[in-house]
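Chain residues, written in single-letter form:
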Amino acid sequence: MSIQVENISKSYQKTLAVSDISFEVKEGELFGLIGPDGAGKTTLFRILTTVLLADTGNASVAGYDVVKDYKEIRKNIGYMPGKFSLYQDLTITENLNFFATIFGTTLEENYDLIKEIYIQIEPFKDRRAGALSGGMKQKLALCCALIHKPKVLFLDEPTTGVDPVSRKEFWEMLKRLQKKGITILVSTPYMDEAALCDRIALIQKGQILKIDSPQNIVSHYDKTIYKVRTKNTHQLILDLKKYPSHYSAFAFGEHVHYIDQNSDFNPTELEKYLKEQLHSEIDIAVAKTSIEDVFMDFTMLNQ
Amino acid sequence: MNQEKIISVQNLSKQFGHFTAVNNISFDVYKGEIFGFLGANGAGKTTAIKMLIGISKPTSGESLVAGFDVKHNAEMVKKNIGYMSQKFSMYDDLTIKENITFFGGIYGLSRNKIKEKTAQLVSELGLENEINKLVGALPLGWKQKLSFSVALLHEPKIVFLDEPTGGVDPITRRQFWEMIYAQADKGTTIFVTTHYMDEAEYCDRVSIMVEGKIEALDTPKNLKQQYNVTSMNEVFLQLARNIE
């Protein structure tokens, strides 16, 4: 096991940030912690990277205990915190050299590992980190986290606030790092990124709602979701929520995803109702379930 | 939709030294419209928005926002718009009530008006029991909903939302959009940026900026048709090359 978490809890004063969480990440696995802001993801990262002590529970990373062997862990992991935390007034080269020196290595020694990311920022190597664009900062931070060839890589919301194109590139990069044998624990609030992990833990309010592969999470979901569309989306949401047997209605791109309370739900009845509410261009069909659908349902059940 | 123009941008540019951040963009936004302003990181969105809200002077070009010229009448622009972003919303170390009072004061509302607005706002959001809590203690989703309502305190004609839902959970994100829809129905124009492409689908029209220029501007439906794809995400991936 690359990461082992057993009954970890952590409170800040009265707030329970992480509540009795347990999970394991296998060696070479790309494991995602999926949940919104405030779910407890960062607290968990800080505990596993040995910068925060848990109140109760045990955890180990790369075979080392997070409390007893914290020095060994620090040598063996790379950590990219959610907040950009490199030195803004050092250049790209200076930041890389600084982190390499701290870990007793050089940029050249593990160049293979970071090459592909580094060449994208190399043209700006004499620019101060503070003056880089968001995408470049993110790439520099990843290079710094990889410079000592860590066994386990911790990435806390690496793509928050990043545009879809850069997000896609970032995940392609992660997949290639994984192929090089690095175990990756990554957190994200973007549900579409969950599908790219080997296994995910859906986390909310300090608790894990579900751990499984993204495929299983979706295929084990037992409710039927209908995608509904009419000319006026806003009015459609309001009207679906007034439909007597409605369970949930959420905007989903160009459709509204609708779940009914009854298993013998009849779409024709719903269509009739929507016509009565003066909707036009009505279209109702069974939708393909996504991680986001499942997450929202778990959230509702958990409230 | 009402065809009254509320934002009118003509050949707007902004240069920093030799770098052209915004390159000769032109577009109109109509009253009551939900206008999505998309683009990759570094495409020039923030620079463009800063000019539209009157805090950055254009190098060249014209733009009228809520009827006022951003170059010569920036103060009047500011009085007639609301603004919220994920980065700056409210003061964490003030209570909900104090924040509302503070922003009401900034916008020149009378004491009575602030009182009335405070009561209305907390009741709409169901925050009656939290009114004396520090904003910093609220979950992000609530903070963002509150912040949106505060940006509307002075009943602006337009509200600019800069990544209002970043990091927010999926249900709250949707509740936030229902607030946007409801506000647009009242005739307020919504100018919104987002990196969630499903949210682009909720806009009446969407523009996509690439390297300082507006590369596409149309309804989500027409854009998908034009690029022969089924989602705005695919439209975006086709258009927004990475410019680094």
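In the nomenclature of an unreviewed UniProt entry, chain B corresponds to ABC transporter from the organism Flavobacterium pokkalii.

Going by the annotation in an unreviewed UniProt entry, the name recorded for chain A is ATPase, with Flavobacterium pokkalii given as the source organism. The UniProt entry for chain A carries the following comment under Sequence similarities (unreviewed entry): "Belongs to the ABC transporter superfamily."

Q: Lay out the sheet that holds strand 2 (residues 15–25) of chain A in plain terms, naming residues and giving numbers.
A: Residues and elements named next belong to chain A. Within the open sheet, the 4 strands sit side by side as 2-1-4-5. Their pairing is antiparallel. Each having just a single partner strand, strand 2 and strand 5 (64–65) make up the two edges of the open sheet. Sheet analysis places strand 1 (residues 3–12) next to strand 4 (residues 56–61), joined by 5 bridges and oriented antiparallel. Residue Val5 lies in a different strand from strand 4, and its bridge partner there is Ala59.

Q: Describe helix 3 (residues 96–106) of chain B, naming the residues involved and giving the relevant values.
A: Residues and elements named next belong to chain B. Of all the positions in helix 3, only Ile96, Asn99, Ile100, Phe103 and Gly104 are classed as buried. Down the axis of helix 3, the smallest arc covering the buried residues is 130°, so these residues share one side. On the buried face of helix 3, the contacting elements are helix 4 (111–125) and helix 5 (140–151). Positive phi appears at Gly108, one or two residues downstream of helix 3, with a value of about 75°.

Q: Tell me about the packing of helix 4 (residues 111–121) of chain A against helix 5 (residues 134–146) of chain A, residues and numbers included.
A: Residue and element names in this part refer to chain A. It is the contact of helix 4 with helix 5, at a shortest axis distance of 9 Å, that shows an interaxial angle of 150°. Judged by the inter-axis angle, helix 4 sits roughly antiparallel to helix 5. The crossing of helix 4 and helix 5 is left-handed. In contact with Leu113, Ile114, Ile117, Tyr118, Gln120 and Ile121 of helix 4, helix 5 contributes Met136, Lys139, Leu140, Leu142, Cys143 and Leu146. Looking at the contact of helix 4 with helix 5 residue by residue, the class counts come to 10 nonpolar, 1 polar and 1 charged.

Q: Summarise empty space enclosed by the protein; cite the residues concerned and give the values.
A: Where empty space is left becomes clear once a probe the size of a water molecule has been rolled over the atoms. Residues and elements named next belong to chain A. Within the structure shown, the criterion is met by 4 cavities of 30 Å³ or more. Considering only enclosed or pocket space, the largest cavity measures out at about 70 Å³ in volume. For the largest cavity, the full set of lining residues is Tyr221, Ile225, Ser248, Phe250, His257, Tyr258, Ile259, Asp293, Met296, Asp297 and Met300. Every element with two or more residues in the lining of the largest cavity is listed here: strand 12 (246–252), strand 13 (255–260) and helix 11 (291–302). Considering only residue class, the lining of the largest cavity consists of 7 nonpolar, 2 polar and 2 charged. Counted as a void, the second largest cavity has a volume near 50 Å³. Along the lines of polarity and charge, the residues of the lining of the second largest cavity split into 3 nonpolar, 5 polar and 1 charged.

Q: Outline the UniProt feature "domain: ABC transporter" (unreviewed entry) in chain A, listing residues and values.
A: Under the UniProt annotation, the feature "domain: ABC transporter" (unreviewed entry) is placed at residues 3–230 of chain A. The span residues 3–230 of chain A is 33% helical and 29% strand by assignment, and the distance between its end C-alpha atoms comes to 48 Å.

Q: Go over the pattern of salt bridges with me, naming the residues and quoting the values.
A: For the structure shown, the criterion picks out 30 salt bridges over all chains. The closest approach of N and O atoms between Lys78(B) and Glu75(B), which form a salt bridge, is 3.1 Å. Of the two residues, Lys78(B) and Glu75(B) both sit in helix 2 (residues 74–79), 3 residues apart, roughly one turn of that helix. Residue classification places Lys78(B) among the partly exposed residues on the basis of a relative accessible area of 29%. For Glu75(B), a relative accessible area of 53% corresponds to the exposed category. A cluster of three or more residues bridged by salt bridges with shared partners is formed by Arg229(A), Glu254(A), Asp283(A), Glu201(B) and Lys224(B).

Q: Run through the sheet that holds strand 12 of chain A, naming residues and quoting values.
A: All names here are of chain A. As summarised here, the arrangement of the 4 strands in space is 12-13-11-14, forming an open sheet in which the pairing is antiparallel. Pairing within the sheet leaves two strands with one partner each, and these edge strands are strand 12 and strand 14 (283–286). For this sheet, the mean angle separating the axes of adjacent strands, direction not counted, is 25°. As judged from the 6 bridges shared by strand 12 and strand 13, these two strands associate in the antiparallel manner. Pairing of His246 across the sheet is with Asp260, part of strand 13. Contacts between helix 11 and the sheet are confined to strand 12 and strand 13, with strand 12 contributing the most and set at about 135° to the helix.

Rules behind the numbers
Residues numbered from 1 in each chain as written. Chains lettered and ligands numbered in written order. Predicted model: local features only at pLDDT ≥ 70, side-chain atom pairs only at ≥ 80, totals over all residues. Heavy atoms only, no water. UniProt positions renumbered as here; feature names shortened; annotations may be inferred. Pairing = 2+ DSSP bridges. Helix = DSSP H or I, 4+ residues; strand = E, 2+ residues; numbered from the N terminus. Buried < 20%, exposed > 50% of the residue type's maximum accessible area, 1.4 Å probe, protein only. Arc of directions from axis to C-beta. Contact = heavy atoms within 4.5 Å. Axes fitted to C-alpha atoms, helices over the stretch in contact; angles between N-to-C directions. Parallel < 35°, antiparallel > 145°, perpendicular 65-115°, else oblique. Left-handed = near helix turned anticlockwise from the far one by under 90°. Nonpolar A, V, L, I, M, F, W, Y, C, P; charged D, E, K, R; others polar. 1 Å grid on protein atoms, 1.4 Å probe; cavity = no way out; pocket = protein on both sides within 12 Å on 5 of 7 lines; lining within 4 Å. Points joined across faces, edges and corners; volume = space filled by probe spheres on them. Salt bridge = Lys/Arg side-chain N within 4 Å of Asp/Glu carboxyl O.

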